[in-house]
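# Residue-level structural notes
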Amino acid sequence: DAGITQSPRHKVTETGTPVTLRCHQTENHRYMYWYRQDPGHGLRLIHYSYGVKDTDKGEVSDGYSVSRSKTEDFLLTLESATSSQTSVYFCAISTNRGGSGNTIYFGEGSWLTVV
Amino acid sequence: AQSVAQPEDQVNVAEGNPLTVKCTYSVSGNPYLFWYVQYPNRGLQFLLKYITGDNLVKGSYGFEAEFNKSQTSFHLKKPSALVSDSALYFCAVRAAGASGGSYIPTFGRGTSLIVHP
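Cut-offs and rules
- Residues numbered from 1 in each chain as written.
- Chains lettered and ligands numbered in written order.
- Predicted model: local features only at pLDDT ≥ 70, side-chain atom pairs only at ≥ 80, totals over all residues.
- Heavy atoms only, no water.
- 1 Å grid on protein atoms, 1.4 Å probe; cavity = no way out; pocket = protein on both sides within 12 Å on 5 of 7 lines; lining within 4 Å.
- Points joined across faces, edges and corners; volume = space filled by probe spheres on them.
- Helix = DSSP H or I, 4+ residues; strand = E, 2+ residues; numbered from the N terminus.
- Nonpolar A, V, L, I, M, F, W, Y, C, P; charged D, E, K, R; others polar.
- Disulfide = S-S within 2.5 Å.
- Buried < 20%, exposed > 50% of the residue type's maximum accessible area, 1.4 Å probe, protein only.
- Contact = heavy atoms within 4.5 Å.
- Buried area = accessible area lost by both parts, 1.4 Å probe.
- Salt bridge = Lys/Arg side-chain N within 4 Å of Asp/Glu carboxyl O.
- Polar contact = N/O pair within 3.5 Å; in protein donor to acceptor, adjacent residues only side chain to side chain.
- Pairing = 2+ DSSP bridges.
- Axes fitted to C-alpha atoms, helices over the stretch in contact; angles between N-to-C directions.

Another aspect to go through is the layout of surface pockets. Each pocket or cavity is described by its volume, and for the largest pocket that value is around 430 Å³. Lining the largest pocket are 22 residues; nearest its centre among them are L45(A), E59(A), P105(B), T106(B) and F107(B). For the lining of the largest pocket, the elements supplying multiple residues, two or more each, are β5 (42-51) of chain A together with β1 (3-5) and β11 (106-107) of chain B. Among the elements that line the lining of the largest pocket, the one with the most residues is β5(A), at 4 residues. For the lining of the largest pocket, a count of residues per class yields 9 nonpolar, 8 polar and 5 charged.

Turning our attention to the state of the cysteines. Residue and element names in this part refer to chain A. Within this structure, the stated rule accounts for 2 disulfides over all chains. Here C23 pairs with C91 through a disulfide, and the sulfurs are 1.9 Å apart. Judged by the sign of its S-S torsion, about -70 degrees, the bond between C23 and C91 is left-handed. Within this pair, whereas C23 is found in strand β3 (residues 19-25), its partner C91 is found in strand β9 (residues 87-95), the two being separated by 68 residues in sequence. Assessed through its relative accessible area of 0%, C23 is described here as buried.

This part takes up the interface of chain A and chain B. Interfaces are often described in size by the accessible area the parts lose on coming together. Of the residues lining the interface, 25 residues belong to chain A; the matching set on chain B comes to 21 residues. Interface area, chain A with chain B, both sides summed: about 1,800 Å², of which 55% is carbon and sulfur. The partner of R42(B) in a salt bridge is E108(A), and the shortest N-O contact between them spans 2.5 Å. In this assembly, chain A and chain B are joined by 5 residue pairs in polar contact (both at pLDDT 80 or more). Contributions of two or more residues to the side of chain A that touches chain B are made by β4 (31-38), β5 and β10 (103-106) of chain A. Taken together, the residues of the side of chain A that touches chain B sort by class into 11 nonpolar, 11 polar and 3 charged.

What follows covers the pattern of salt bridges. Residue and element names in this part refer to chain A. For the coordinates displayed, the defined rule picks out 8 salt bridges over all chains. With a closest N to O distance of 2.9 Å, D38 and R44 form a salt bridge. Accessibility assignment for this pair places D38 and R44 in one class, buried. Three or more residues joined by partner-sharing salt bridges are found here, namely R22, K70 and D73.

Right, let's talk about the sheet that holds strand β7 (residues 64-70) of chain A for a bit. Residues and elements named next belong to chain A. Taken together, 4 strands build an open sheet; the order of strands is β1-β3-β8-β7 and the sheet is antiparallel. Bordering the open sheet on either side are β1 (4-7) and β7, each of which pairs with just one other strand. Sheet twist, expressed as the mean angle between neighbouring strand axes with direction ignored, is 20 degrees. Relative to β3, β1 runs antiparallel, the two being bridged by 4 bridges. Paired with I4 across the bridge in β3 is Q25.

That bond from S7(A) to P8(A) is cis: its omega, -10 degrees, falls within 30 degrees of zero. Considering the arrangement of structural elements, one finds P8(A) in the loop between β1 and β2 (10-13). For Y61(B), which is not glycine, the phi torsion reads 60 degrees and is therefore positive. With respect to the secondary-structure elements, Y61(B) resides in the loop between β7 (56-58) and β8 (64-68). Taking relative accessible area as the criterion, Y61(B) reaches 47% and is therefore assigned partly exposed. Not every positive phi belongs to a glycine, and T72(B) is a case in point at roughly 45 degrees. Along the chain, T72(B) falls in the loop between β8 and β9 (73-78).

So, on to the side chain of D73(A). All names here are of chain A. Here D73 shows up in strand β8 (residues 73-78). For D73, a relative accessible area of 8% corresponds to the buried category. Among all residues touching D73, those that are not within four sequence positions of it are R22, C23, H24, S67 and R68.

See the structure below:
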């Protein structure tokens, strides 16, 4: 258990509305990530953060923005939700727990449906 | 660039039989390799990883994985499958010694393991 909490866990929203997903961690890890999981695509990285106010884009960042104003929280925002953003979103952290390799640990996911 | 291939979308095995879930990778230099398991409606759980040393890595729930550098493979194995092992399995790779954004692992598309009673 890496102490990751995602909220909300389930959300239905309308096309064109803004949506923010929150990831909260309790263990002061530096690196945090947002992934989306879709059938046939596996896991794809949206954005990641390597420190407070330090973020970068992943492979599928279009339509998403992130913010990290404090170590424990990493927010993912869909500025104007579209049906193609219906997905399961996973937050993750990276730790050197157990030796080298920066093992990534995942939260329980946020199911987002855009109608 | 780094990549992972999981050539089988689904693997079927009878309970009590050995199971193998295949993974091949491509990376510059030495790899760090990972296996994760995902149960329905849950997040991914870390199973095991290869960093260096013994090519046979043991992990959680009786799983193990064999690193083969010449074949660039990291297959997940278990001697005797359980129905409760039925889940989605993901392989991931990153380059050892990478820094910055390149330390982020790349995940395969996943393999659905179905263990029949």
